[in-house]
Amino acid sequence: MDLTLNIPDSDKPRVVIIGGGFGGVSIAKELVTRNDFQIVLLDRQNYHTFQPLLYQVSTSSLEPESIAYPLRKIVKKGKNTFFRMAEVSNVDTSKKEIITNIGSINYDYLVIATGARTNFFGNKTIERNAMRMKSVPQALKLRSLMLENLEQAVITPDPELRKELLNFVIVGAGPTGVELAGGLAELKANVLPRDYPDMDFSEMEIHVIESADRILPPMSPVASKNAEKFLRKLGVHLHLNTFVTNYENHLVETNTDLKLKAATFVWSAGVTGAPIEGINGEALIERANRYKVNAFNQVAGFDDVFAIGDIALMKTEEYERGHPMVAQPAIQQGKHLAKNLLALHKGKALQVFKYFDKGSMATIGRNKAVVDINKLRFGGFFAWFIWMFVHLIFLVGFRNKVVTLFNWVYNYINFDKASRLIITPFKAKEDTDVV
């Protein structure tokens, strides 16, 4: 019996999975129905978050339970599987021991699926003052801030303060930034004027600041052009080739003449890996904070430690800087590693991981989306339909799919968002988004 985490001894090899994101859930779902291992899943939250829809929680389209799924419901399907809500602080590879805030546990095989955290590129002031959106609590925090600013704007007699409260600045024009901007623009156009009939929403401005020369840099130029057209049509102000240098006292400063006063400032300009203390040296590529792995997802220097998803950097001829830090590589690596662990257990040869790129997409608002699938490029309503279908398919849990679909249909028919509630008042304090 493991005396600290209350995990019983077993004659089967113990696989410990750190992280309940896409990668961790993917491998757990593959292994829990088998009886070859004892599986222990660790995460500091007791639920899996479908991160691509976090922006819909922050813009009041969905409630958080629509995109969250209990991790215990995943592991309960196995006879020798366990979940513990714990935050991992250190790994001692010489003892094959994991140290957490609730105790320690030994492993035979370790799978690191800790994902990524927001990358502020060393700017501590922005890190301290910006909103981020990597978790459900952060999305709810952002929702509360935006709604509280609107409530304050409707009563203030000061036009300068009202403009500041109605200014929304998003840094980073990747899928997260673009989708958040589109969601806010839809609120401004269709929902908020009915909630606040005594406020002039021509004063509300949404700004997206991007350091590259186009939005959605990872996608095709066609997708970028279409997304830019959609956003500008929605009234979003785009600032390209612009770097944010500071944000303090509600003042946004950049490397150009652009300065903005904004009470809502969201940073979505990049991510970096979330490594664990104890596994470093040649294994950790410090610039990216990701673990160097081979074609079998084994961390450099180890035979029994694996990394999958955003935290893993697997260099190939096609992906010299590693696979993109999105959901699909994590899901595919999780499924593949499950097969390789079974092969390892049975003394068979490991199979090389090959990533199948299923394309990339982003939605900009009602009937507006862009999709890249291989050499195919879609934009507009058909792309929007594909985006909805794909996201519903990959949501974890049948109930979540049904609830999300119902909300989308309701919102589409009624031009309404059903979740404009300030449940937990916003409190400014230093935040973190390490898994």
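Treat the numbers as computed from the prediction; the structure is a model and nothing was measured. (Residues numbered from 1 in each chain as written. Predicted model: local features only at pLDDT ≥ 70, side-chain atom pairs only at ≥ 80, totals over all residues. Heavy atoms only, no water.)

Peer 1: Go over the pattern of salt bridges, please, and point to the residues and values.
Peer 2: This structure, assessed with the given rule, holds 11 salt bridges. Asp36 is paired through a salt bridge with Arg34; the nearest N and O atoms lie 3.3 Å apart. When its relative accessible area of 15% is taken as the criterion, Asp36 is described as buried. (Salt bridge = Lys/Arg side-chain N within 4 Å of Asp/Glu carboxyl O. Buried < 20%, exposed > 50% of the residue type's maximum accessible area, 1.4 Å probe, protein only.)

Peer 1: Please set out the packing of helix α10 (residues 381-394) against helix α11 (residues 398-414) residue by residue, giving values where relevant.
Peer 2: Following both chains from N to C, one finds α10 and α11 inclined at 155 degrees, their axes separated by 9 Å at the closest point. Comparing the axis directions of α10 and α11 gives the class roughly antiparallel. Note on packing geometry: the crossing formed by α10 with α11 is right-handed. For the pair α10 and α11, the contacting residues are Phe381, Trp384, Trp387, Met388, His391, Leu392, Ile393 and Phe394 in the first and Lys401, Thr404, Leu405, Trp408 and Tyr412 in the second. Per-class residue counts for the contact of α10 with α11 are 10 nonpolar, two polar and one charged. (Axes fitted to C-alpha atoms, helices over the stretch in contact; angles between N-to-C directions. Helix = DSSP H or I, 4+ residues; strand = E, 2+ residues; numbered from the N terminus. Parallel < 35°, antiparallel > 145°, perpendicular 65-115°, else oblique. Left-handed = near helix turned anticlockwise from the far one by under 90°. Contact = heavy atoms within 4.5 Å. Nonpolar A, V, L, I, M, F, W, Y, C, P; charged D, E, K, R; others polar.)

Peer 1: Would you mind going over α11 in detail, with residue names and values included?
Peer 2: Taking 1.5 Å per residue, 17 residues should reach 24 Å; α11 reaches 24 Å between its end C-alpha atoms and fits that length. Residues of α11 that are buried include every one of Asn400, Thr404, Asn407, Trp408 and Asn411, and no others. The buried residues of α11 occupy an angular sector of 100 degrees when projected down its axis, which confines them to one face. Those residues of α11 that are exposed and aimed more than 90 degrees away from the buried face are Phe398, Phe406 and Ile413. Among the structural elements, α2 (54-58), β4 (68-70) and α10 are those in contact with the buried residues of α11. (Expected span 1.5 Å × (residues − 1). Arc of directions from axis to C-beta.)

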